[in-house]
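Examining the three-dimensional arrangement
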Amino acid sequence: MDSIDWIDRLEARRVIPILVIISLVIKVCIWSLSPVITPDGPVYISQAEEFLRGNWQKGLSLHQNMFLYPLLIAGLGYAGMDLVFAGNLLSLIFSVMTIVPLFLLTRQLFDERVALWAGLAFAVSPGLNEFSVYVMRDPGFLCMFGWAAYFSSRSVSENDFKFFLLSLFFSLLAFLFRIEGIFLPILLFLFVFFHATFYGEWRTDFIKKLLFLFCVGLLTIGGVSFYYGRDLANFNRLGYVVSSTEKVFKKGILSYDPQIRVQLQEMERKITNGSVDNDFAEIARENVRKIYLLGLSENIQRVMYPAFFLLCIVGLVLSRQYRKNNLLFLWLVSGYLFSNYFYLLHNSFIEKRYVYAAIFLLFPWVGYGVDRFFIGLKKIHLLPQVTPILFVAVLFIIPAVDAATDVKMQLVSAKLAGEWIGNNKDFADMKIVSNNREIPFYAKRGLDFIDATYVEMDQITELAERQNAQLITFVKKIKKEPAELKFDNFLLVKKFTDKNCESYIFIKKGNFSGN
């Protein structure tokens, strides 16, 4: 590679701490601007509380037997730490330390300079920082996934069985955070066997050990499945993985919800010029799969950051000389992107964090794209010498400031509403119907409320009457209709507003003294 003296003199033992500090500063800023727990947070806190009480089975039942993250929260809680603070702290540590496997992985695929750019881009990416300190499983998943990916690379490039075992170990930990972790060892086994078949390497000690491990693994899985039967599907949402896979093959790999086509036909009858050829609804109806693919690409570039997305493409195109060494990761990226696409096709949505695994695997090529662009600018003698430095400064400072200051929607009004209920003794024994988790959580109810998240607004009163609930709490965006909420037989007693949302508290008539 071309020389950049001052960067080439940097050593890994100095670069990694610098990257960790940059990442830490950004995430501490985000934490300071995030006073409200996320919607998933109350679930993990309630699980941790049950674990601390010794109610293991009840804690598991609260979230489909996914236990590792709330168990870690409970461990810190047992040491005397506030549970919400513990959840935030764990996410912060995991998010910051994910830099380390990414740097090591990129250095192995390319060199230390590229690893610096990749780590810096990863540290400042607004999309990857969005959930970095929240009470969520995703930071833990991504950290464990990063180590699994690194040891996968070492195992294949060095034919080292112990690195393969380490990859499986960290894949298991990643799986215990999020079910996507289960795909990495499957893809890794397939790659190794395809590679051995293509190059005729079946007789090496490495392959023999893998074949033995594969056979032992199959027998173990078969024995455990036979012993536990259907109960095994309840472990860590394994049943969801199986049912989703079955759905893909039963309906067809590239199939999608037939209702989408029906609804687009309905739209075609209603929109202006819907009766003529190639109207909007018809174009959408005939290109649903392409639209989903475009949507997935848009999701990836938003999470990665648009400039880094473009530089990733540059890196992929220009890294031809490294292509043979990077075959495993091109395979892993393809596997995870295909799984994301199939999920989107069959579920008609995909959240930003669902593409984290694929994006992590792409960041080495972001680093290579930055490096090639930087070298290219240095070779243009007509440009001032300071131009490459300015390019780097602009490229990384803008997303860093964006990540540290542009914290996504915080439901401050929901927190205030919950605290108001929690501080009012008259409401202590009243059942709550709520369309979000934050208000009951801050009302000190945990998950002890009637969930109306997916209930139509005009059916909430009926739900409250049926469940004998005396309180209805409702959160809506300020600009969303109706402008003012009303529920039959319920009185509005309090309304809280923040810059994005309004939180309402209604009480059943005859249950509130007005004091």
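The following paragraphs examine the structure supplied in this document. (Residues numbered from 1 in each chain as written. Predicted model: local features only at pLDDT ≥ 70, side-chain atom pairs only at ≥ 80, totals over all residues. Heavy atoms only, no water.)

A short note on the overall build of the protein chain
- Within the protein chain one finds 24 helices and 5 strands.
- For 515 residues, the compact-globule formula gives about 24 Å, and the C-alpha radius of gyration of the protein chain, at 26 Å, lands near that figure.
- In terms of overall dimensions, the protein chain has C-alpha extents of about 75 × 65 × 65 Å along its principal axes.
- For the protein chain, the proportion of contacts with a sequence separation of at least 24, taken over those separated by at least 6, is 70%.
- Only carbon and sulfur atoms are counted for the fraction: they give 61% of the accessible area of the protein chain, which is about 26,000 Å². (Helix = DSSP H or I, 4+ residues; strand = E, 2+ residues; numbered from the N terminus. Rg over C-alpha atoms; globule rule 2.2 N^0.38 Å. Contact = heavy atoms within 4.5 Å. Areas by Shrake-Rupley, 256 points an atom, 1.4 Å probe, with all protein chains shown as cover.)

Things to note about the pairing of strand E4 (residues 490-497)
- Direction of pairing for E4 relative to strand E5 (residues 501-508): antiparallel, over a ladder of 7 bridges. Looking across to E5, one finds that Thr497 is bridged to Glu502.
- Linkage of E4 to E5, two consecutive antiparallel strands, is achieved through a turn of 3 residues. (Pairing = 2+ DSSP bridges.)

A closer look at the side chain of Arg154
- Looking at the secondary structure, you find Arg154 in helix H10 (residues 138-158).
- In terms of polar contacts, Arg154 uses its side chain to reach the side chain of Glu158, at 2.4 Å. (Polar contact = N/O pair within 3.5 Å; in protein donor to acceptor, adjacent residues only side chain to side chain.)

Some details on the pattern of salt bridges
- Under the criterion given, the structure shown has 24 salt bridges.
- For the salt bridge of Glu266 with Arg269, the shortest nitrogen-to-oxygen distance reads 2.6 Å. One end of the pair is Glu266 and the other is Arg269, both in helix H15 (residues 258-270) and 3 residues apart, which spans about a single turn.
- The class for Arg269 is exposed, based on a relative accessible area of 61%.
- Close ionic contact of Glu465 with Lys508 constitutes a salt bridge, the shortest N to O distance being 3.1 Å. (Salt bridge = Lys/Arg side-chain N within 4 Å of Asp/Glu carboxyl O. Buried < 20%, exposed > 50% of the residue type's maximum accessible area, 1.4 Å probe, protein only.)

A short note on the nonpolar core
- If you look at the biggest cluster of nonpolar residues, it comprises 149 residues, and the most contacted ones within it are Ile73 and Phe396.
- Of the residues forming this core, the biggest block, 14 residues, is contributed by helix H20 (residues 356-379).
- Contacts of Phe396, omitting those with residues within four sequence positions, involve Trp117, Leu120, Ala121, Val124, Phe308 and Val370.
- Grouped together as the second largest cluster of nonpolar side chains are 14 residues, Ile472, Leu485, Phe487 and Phe506 included. (Core = buried A, V, L, I, M, F, W, Y, C linked by side-chain atoms within 4.5 Å.)

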